[in-house]
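Single-letter residue listing:
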Amino acid sequence: MRIALLDSGIGLLAAAAAVRRARPDADLVLSSAPDSMPWGPRTAEDITARALDCARAAAAYGPDALIVACNTASVHALEVLRAELEPAVPVVGTVPAVKPAAAAGGPLAVWATPATTGSPYQRRLIARFGNGAEITEVPCHGLADAVEKGDEAAVAAAVAAAAALTPRAVRSVVLGCTHYELVAERIRAAVGSPPAPDPVLYGSAAAVAAQALRRIGAEPDPTAPPTGGLTVLHSGRPTELPGPARGYAEGRLLVADRAVRTG
């Protein structure tokens, strides 16, 4: 079994780790283009072209499914990717978890990149799945870039700035960028308001991992032997998992007791 994932950078780690936990025997192909990130400010055509390049590089390794582990790429490129790769390779997109968060009741906040916050796409998502909940859209300036670089001081500053824009009464926070899931506990601590319970965080990694397995007719098996390999591609070039990625629990999980394939 081989699952490929694409993103602009290391935001794909959360979904990759979710696949690894569900199927330790699955080979993973991580395809990104960190030299071109962030993708959010780019045009839809540019984002689509870059996502296609990443997808084609991953497809050369014969994956059974491809996860578009990037909210921005899912918005702009998902249909083009599916038109090119399916039905041979099922393509699974990433959507912010507004629906389950709103179903649990508000008020809630949606943390997203400045380019996504207030966008027609996010507004449609909220209108369709908001369930009448009180929802605050929070732009997270610089957070994805800080996570990508593993810059602890910049992460702390970006999280604090976004937390200051988040109403204290929120019961849940939707993580609308895959990079944010890598610093979820720091976000939870920043938006907590004791003695009230910490807000529930809603990410997408577990859901997209489960959907990818369903699309290929595979069942989760966390007890499977840990034989799955790891291939890392940067703009199609085989490489190692970058240093900042190993600073997150998800990155360490992917390389634990496994050799990263560079070819």
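Quantities reported herein were computed from a predicted structural model and do not represent experimental measurements. (Residues numbered from 1 in each chain as written. Predicted model: local features only at pLDDT ≥ 70, side-chain atom pairs only at ≥ 80, totals over all residues. Heavy atoms only, no water.)

**What about the confidence of the model for the chain?**
Phase 1: Per-residue confidence for the chain gives a mean pLDDT of 92, with 96% of residues at or over 70.
Phase 2: Note on residues 259-263: pLDDT is under 50 here. Beyond four places in sequence and across chains, it has 20 contacts. (pLDDT = per-residue confidence, 0-100. Contact = heavy atoms within 4.5 Å.)

**A closer look at helix α3 (residues 71-85)**
Phase 1: Roughly 70° is the biggest bend found in α3, and it falls at A77.
Phase 2: Where α3 is concerned, the buried positions are N71, T72, A73, S74, A77, L78, L81 and L85.
Phase 3: Its buried side turned inward, α3 meets β1 (2-7), α2 (44-59), β3 (65-68) and β4 (91-92). (Bend = angle between axes of the 7 residues up to and from the residue. Helix = DSSP H or I, 4+ residues; strand = E, 2+ residues; numbered from the N terminus. Buried < 20%, exposed > 50% of the residue type's maximum accessible area, 1.4 Å probe, protein only.)

**Re the sheet that holds strand β6 (residues 135-139)**
Phase 1: Overall, parallel pairing links the four strands, which are arranged β6-β5-β7-β8 in an open sheet. The open sheet is flanked by β6 and β8 (200-202), the only strands paired with a single partner. When strand polarity is set aside, the average angle formed by the axes of neighbouring strands in this sheet is 25°.
Phase 2: As paired strands, strand β5 (residues 108-112) and strand β7 (residues 172-175) are joined by four bridges and run parallel to one another. Pairing of A109 across the sheet is with V173, part of β7.
Phase 3: Sheet contacts for helix α8 (residues 184-191): β5, β7 and β8; angle to β8, the most-contacted strand, approximately 140°. (Pairing = 2+ DSSP bridges. Axes fitted to C-alpha atoms, helices over the stretch in contact; angles between N-to-C directions.)

**Observations concerning empty space enclosed by the protein**
Remark: the empty space left among the atoms is shown by a probe the size of a water molecule rolled over them.
Phase 1: Inspection of the entire model under this criterion finds one cavity of 30 Å³ or more.
Phase 2: Here the largest cavity is characterised by a volume of approximately 50 Å³.
Phase 3: Looking at the lining of the largest cavity, the elements that each hand over two or more residues are β2 (27-32) and β9 (230-234).
Phase 4: For the lining of the largest cavity, the per-class residue count stands at six nonpolar, three polar and no charged. (1 Å grid on protein atoms, 1.4 Å probe; cavity = no way out; pocket = protein on both sides within 12 Å on 5 of 7 lines; lining within 4 Å. Points joined across faces, edges and corners; volume = space filled by probe spheres on them. Nonpolar A, V, L, I, M, F, W, Y, C, P; charged D, E, K, R; others polar.)

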